[in-house]
Amino acid sequence: MTQNFVKLEGKDYLQNFYRFKLYNKFSKTYLLTTDDGNYIFVNFSAFKQLKKGKIENQEIYSNLISSGIIITPQNINKIIKKTIKRYSFLSNGTSLHIVVPTDRCNQLCTYCFASAKNIDDTETSSDLDEPTAKKIIEFIMNSPSKAITIEFQGGEPTLRFDMIKIMATYAKKLNKTIKKDLQLTIVSNLTKVNEEIITWLINNDITICTSLDGPEHIHNKNRIINAKEGKRIGTHKTVTTWINKINKIYSEKNIDLRVNSLPTITKYSLPYYKEIIDEHLKYNLNTIDIRALTRIGRINEFPELTYTNNEFEQFYLNSLNYLKELEKEGKYVTERIKKLYETKILKNVPGYHTDCESPCGATTGQIVYHSDGKIYTCHEGLGREEFQVGDVTKDTWQDIFKRPVTQKAILNSMLEQNVKCDRCVYKPYCGTCMIENFYHLNKFNFYPTKTQIHHSTILQSNSIFNKIYNKLKIEKNL
């Protein structure tokens, strides 16, 4: 192709900070990305001109301006707006508020990162009381964020359904004056609910999320009730019965909702990717979040259930390929993590998923309130003193963000703190869980290639950019 060379070195522009990689060595095509999530593929000639700081081709110059790789008076405001939008999760205020009515649970799941207490443990456990419950709601509703999601978790939150009713009712009452975009949700194992509880939750617009790890032999391997005399009771039948009942009520009331489900994948699950997805289809669950283990809490007692990053990656790829097969049959299931990365890369907006951002969202995007009123960076940090950032009975929002613990959490979840991450072309789309780094790798200054999120980002980004590159290759003969 004949290039139209023009002497452009006298143009008024600055190079934006960008990361790069040789994407295709045969065509000598490079991928460049910026912190605001913009990207561009360029050939070797364009890359060489950019590196020299002497752009000689008008088309290259225009493309680099439109992608924000170079900054001019004409595009600087656009770049600023994109950067603000990309990092809006830092400036909007904390939006996800997880409340723990009790740290007791009737189950003894092998991978529980909350390390919940036994249901009968009244000595070391902690249950919420009404004054503290109302303090928590008042604190939440004072968040600077215009959008507020209150999520009841545990332990098993329905063990203190009385507190959930008090908090949900109080939050709605306060919101008549405060006027936030208020959403309420509950994460329950569904083994302690009844018709009255479910009816109340649905009538009060509280969405319901549970865990379904797959068919009975998979689900009951991990999600069990630890009954008296050491008897272990599987929960699959109870959970699926309630999923069907709840979805039926939604349908009868013409409510466009479904129970949300989060399967957690252990080593035992790896051969059964088809069966796990089919189980979700069986119960009309059209969204699946294929979630790796969180290496915190009880899972460390079961090393036989853990796997390597490569093993999980292969399971994930098998799952995606099976989802493609199902699409051809007219069966559609959305995989939430894939959709998250597509949103971040293709739409260039944050995914609002704390682990997949930098910094991770601990305190800035998510906060957890224990049943004693203490405040923690996130659910993974619950009950761990080094991640306690405040107390609703005595602190304000300003107090929380002045705390060294909060500042340390934010700094240690910034990928810029690690040289290898900061040089990676996929850094704008990646994130980390600083608590998992701390407990699994024994230090905050983590090893990026050992984290699951690193591997997920590489996999997802390669998949998305391969499609973009192949389309450009056809269109522009790269």
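Now for a description of the structure that goes with this document. (Residues numbered from 1 in each chain as written. Predicted model: local features only at pLDDT ≥ 70, side-chain atom pairs only at ≥ 80, totals over all residues. Heavy atoms only, no water.)

### Describing the nonpolar core
Where a protein is soluble and globular, its nonpolar side chains tend to be buried together. Membership of the largest hydrophobic core comes to 58 residues, with the highest contact counts inside it found for I265, F312, M434 and F465. Of all elements in the fold, only α10 (273-282), α11 (309-328), α12 (336-346), α16 (434-441) and α17 (452-476) reach the threshold of two or more residues within this core. The dominant element in this core, judged by the number of residues it contributes, is α11, at seven residues. Setting aside chain neighbours within four positions, we find M434 in contact with C360, A362, T377, F387, A409, N412, S413 and F444. Counting 47 residues, the second-largest nonpolar core is a separate cluster that includes I150, I202, I249 and Y369. (Core = buried A, V, L, I, M, F, W, Y, C linked by side-chain atoms within 4.5 Å. Buried < 20%, exposed > 50% of the residue type's maximum accessible area, 1.4 Å probe, protein only. Helix = DSSP H or I, 4+ residues; strand = E, 2+ residues; numbered from the N terminus. Contact = heavy atoms within 4.5 Å.)

### Considering helix α1 (residues 44-52)
Every buried residue of α1 is listed here: A46, F47, Q49 and L50. Buried residues in α1, looked at end-on, bunch into an arc of 165°, giving them a common side. Where α1 is buried, its residues meet β1 (14-15), β2 (18-24), β3 (29-34), β4 (39-42), α2 (58-66) and β5 (70-71). Where α1 starts, the residue carrying a side-chain oxygen 3.3 Å from the main-chain nitrogen of S45 turns out to be N43. Residue G53 follows α1 closely and has a positive phi angle near 75°. (Arc of directions from axis to C-beta. Polar contact = N/O pair within 3.5 Å; in protein donor to acceptor, adjacent residues only side chain to side chain.)

### Thoughts on the side chain of N412
Its place among the elements puts N412 in the loop between α14 (404-411) and α15 (419-422). The class of N412 is buried, set by a relative accessible area of 17%. Excluding residues that lie within four positions of it along the chain, N412 makes contacts with M434, F444 and F446.

### Section: the environment of D391
As for its placement among the helices and strands, D391 is situated in strand β19 (residues 388-391). The exposure class of D391 is buried, given its relative accessible area of 11%. As for D391 and F139, which are separated by 252 residues in sequence, their C-alpha atoms are 9.7 Å apart. Residues within four places of D391 in sequence aside, it is in contact with G373, K374 and I375. Side chain to side chain, D391 and T393 meet in a polar contact 2.7 Å long.

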